[in-house]
Amino acid sequence: DRIDFSNDSSTATARGPLSSARYSLAATGNSNYGYFGGGTPAVATVDRIDFSNDSSTATARGPLSLARNSLAATGNSNYGWFGGGYAPPAVARVDRIDFSNDSSTASVRGPLSSARYSLAATGNSNYGWFGGGFPAVATVDRIDFSNDSVTASPRGPLSLARYALAATGNSNYGWFGGGAPGPVATVDRIDFSNDSTTASPRGPLSSPRGRLSATSNTPIG
């Protein structure tokens with residue numbers, strides 16, 4: 001479904017579908033394309049939506065290196081990173097998609113610091129932060145996009161261990177909200193310029209819930 005930001009009071013319009021039906025997948029993109037990867041049943045499929053021609057069925061591109069679901073993704077203008085997930089078992093794998101050469105299988109990069117799934121991710125032009133996950137953890141790992149072959153670096157944790165949360169951000173901060181068990185309404189904010197401290201709880205969501213999604217007017221780095 002596509003929402004027209006200039007006319008968002010109307011029902012979202014159905015656009016060209018994904019290449020296959022699935023759930024518990026992850027997505028990232030740049031200003032021209034959106035990439036949807038993984039999903040249940042555990043698949044490695046990556047579909048690309050062309051924003052300039054979104055009435056066509058999404059095109060399958062080079063797959064992830066490992067079939068899995070319940071993963072998270074973030075990216076910048078050049079690459080997308082898909083991390084964690086359930087294969088089974090839970091994995092720490094991080095795959096990188098090169099947007100300029102997306103017909104190849106995603107390349108395996110340095111893993112997360114621990115295996116987990118049902119996590120969330122956000123980032124800016126230089127780094128990606130992967131937070132939470134099942135089993136319920138408060139771990140936040142940071143991927144340095146300029147040196148992504150090493151294991152992701154654990155930073156200051158979330159204020160509350162949880163999974164099935166959502167994340168968004170801008171160039172300066174990342175917000176991780178909701179989640180389970182509970183569910184919870186907690187929203188934690190990570191200061192990208194000082195991410196070694198525990199994330200700061202901010203005003204909560206209007207109601208406790210998990211398995212949610214988030215977005216914002218995040219600039220593409």
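Okay, so let's go over this structure. Worth saying up front: this structure is predicted, and the values here are computed from it rather than measured. (Residues numbered from 1 in each chain as written. Predicted model: local features only at pLDDT ≥ 70, side-chain atom pairs only at ≥ 80, totals over all residues. Heavy atoms only, no water.)

**Details of the sheet that holds strand S9 (residues 120-123)**
So, step 1. Across the sheet, 4 strands lie side by side as S9-S10-S11-S12; this open sheet has antiparallel pairing. Both outer strands of the open sheet, S9 and strand S12 (153-154), are each paired with one neighbouring strand and no more. (Pairing = 2+ DSSP bridges. Helix = DSSP H or I, 4+ residues; strand = E, 2+ residues; numbered from the N terminus.)

**Quick word on unusual backbone geometry**
So, step 1. The peptide bond linking Thr 40 to Pro 41 adopts the cis configuration, its omega dihedral lying at 0 degrees.
So, step 2. The residue Pro 41 is located in the loop between strand S2 (33-37) and strand S3 (46-50) in this model.
So, step 3. Following Ala 87, the chain continues to Pro 88 via a peptide bond in cis, the omega torsion being -10 degrees.
So, step 4. Checked against the element boundaries, Pro 88 lands in the loop between strand S6 (79-83) and strand S7 (94-98).
So, step 5. Of note in the backbone geometry, Ser 118 takes a positive phi value of approximately 55 degrees without being a glycine.
So, step 6. Mapped onto the elements of the fold, Ser 118 is located in the loop between strand S8 (107-109) and S9.
So, step 7. Unusually for a residue other than glycine, Ala 164 sits at a positive phi of about 55 degrees.
So, step 8. Mapped onto the elements of the fold, Ala 164 is located in the loop between S12 and strand S13 (166-169).

**Digging into the packing of aromatic side chains**
So, step 1. One pass over the structure, following the stated rule, counts 10 aromatic pairs.
So, step 2. A ring pair is formed by Tyr 86 and Tyr 117, whose centres lie 4.8 Å apart and whose planes are at 50 degrees; its orientation type is tilted. With a gap of 31 residues between them, Tyr 86 in the loop between S6 and S7 and Tyr 117 in the loop between S8 and S9 connect regions that are remote in the sequence.
So, step 3. Judged by centre distance (3.9 Å) and plane angle (5 degrees), the ring pair of Trp 129 and Phe 192 falls under stacked. Within this pair, whereas Trp 129 is found in strand S10 (residues 127-131), its partner Phe 192 is found in the loop between strand S15 (187-191) and strand S16 (200-201), the two being separated by 63 residues in sequence.
So, step 4. Note on Trp 129: relative accessible area 1%, which makes it buried.
So, step 5. By relative accessible area, which is 10% here, Phe 192 ends up buried.
So, step 6. It is Arg 96 that lies over the ring of Tyr 79; its NZ or CZ is 4.3 Å from the centre. (Phe/Tyr/Trp six-rings, centres within 6.5 Å; stacked < 30°, edge-to-face > 60°. Buried < 20%, exposed > 50% of the residue type's maximum accessible area, 1.4 Å probe, protein only. Lys NZ or Arg CZ within 6 Å of the ring centre and 35° of its normal.)

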